[in-house]
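Below, each chain spelled out in residue letters.
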Amino acid sequence: MTVDITHIAAEQQYEIAVDGERAGFTEAREEGDVVVFPHTIIDERFEGQGLASQLVTFALDDVRARGKKARIHCSYIKRFVEKHPEYQDLRVE
């Protein structure tokens, strides 16, 4: 299984693909120095494979690398950050 994650700035999202097939995305709207994450969706055919975690890790690492902060509305990402305190510094309200 090959997993690819890309930031598609023009579509304001990070996308995850499995073996070339889109498996899900997290919306990521840029508002200045803040990236707003409203929701994350993984296609039900790909659920239970840890793809959401991989996608969110990639997205938050990219936000950090670009020197931005994250405003998180997505319930999945909120829970993820609670379980991974190394990302707490990215959060803004």
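Right, let's walk through the structure included here. Just so it is clear, the structure is predicted and the values come from calculations on it, not from any experiment. (Residues numbered from 1 in each chain as written. Predicted model: local features only at pLDDT ≥ 70, side-chain atom pairs only at ≥ 80, totals over all residues. Heavy atoms only, no water.)

**Side note on the sheet that holds strand β3 (residues 21-27)**
Working step 1: With antiparallel pairing, four strands are arranged side by side in an open sheet as β1-β2-β3-β6. Every interior strand has two partners, whereas the edge strands, β1 (3-8) and β6 (40-42), have only one. Averaged over all pairs of adjacent strands, the angle between strand axes in this sheet comes to 20°, irrespective of strand direction.
Working step 2: Sheet topology note: the β3/β6 ladder contains three bridges and is antiparallel. In the sheet register, F25 faces β6, and the bridge partner there is I41.
Working step 3: Across the face of the sheet, helix α1 (residues 51-65) comes into contact with β1, β2 (13-18), β3 and β6 while running at roughly 140° to β2. (Pairing = 2+ DSSP bridges. Helix = DSSP H or I, 4+ residues; strand = E, 2+ residues; numbered from the N terminus. Axes fitted to C-alpha atoms, helices over the stretch in contact; angles between N-to-C directions. Contact = heavy atoms within 4.5 Å.)

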